[in-house]
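# Examination of the molecular architecture
For reference, the chains in residue letters:
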Amino acid sequence: ETIGYKLLLWIFAWYAFFPLGSDFQNGNTWIFVVPMFAGVTTDMLQLYTTNIVLLEHYLIIELSALIIAFWFTLAFRGYISVPQIYLGSALFVATLFLGGVYIIFG
């Protein structure tokens, strides 16, 4: 399988499934719909990159993104403050980054 086939498959997924019916003036579209769409279509490529990144790593990254997105929903509704979200998000991203560094350089 060539890189051209993988790229063609990814482009088709973006063309066929991009959420054109979404309201892009709404912040929830940018926080939920677009990242989930990008994550799912990129996960599709995982089938062709198992020698680079394991499925577990993809799932941990996607779960982290969904948790952070949910925190933003709680902040929009006034349950938690935005600085708490930024702190939590920074901790999630730092943990993911350090885990990746550990895996690469072990």
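The present account deals with the structure reproduced in this document. Not measured: the values here are computed from a predicted model. (Residues numbered from 1 in each chain as written. Predicted model: local features only at pLDDT ≥ 70, side-chain atom pairs only at ≥ 80, totals over all residues. Heavy atoms only, no water.)

## A closer look at the overall build of the chain
Counting its secondary structure elements, the chain contains four helices and zero strands. Counted from the first residue to the last, the chain has its helices and strands arranged as α-α-α-α. Evaluated residue by residue, the chain yields a buried proportion of 19% over its 106 residues. For the chain, the share of sequence-separated contacts (at least 6 apart) that also reach a separation of at least 24 residues comes to 48%. Surface summary for the chain: the accessible area is close to 7900 Å², and the carbon and sulfur share equals 74%. (Helix = DSSP H or I, 4+ residues; strand = E, 2+ residues; numbered from the N terminus. Buried < 20%, exposed > 50% of the residue type's maximum accessible area, 1.4 Å probe, protein only. Contact = heavy atoms within 4.5 Å. Areas by Shrake-Rupley, 256 points an atom, 1.4 Å probe, with all protein chains shown as cover.)

## Some remarks on the environment of G88
Mapping G88 onto the fold places it in helix α4 (residues 82–105). Sequence separation between G88 and I68 is 20 residues, and the spatial gap between their C-alpha atoms is 7.8 Å.

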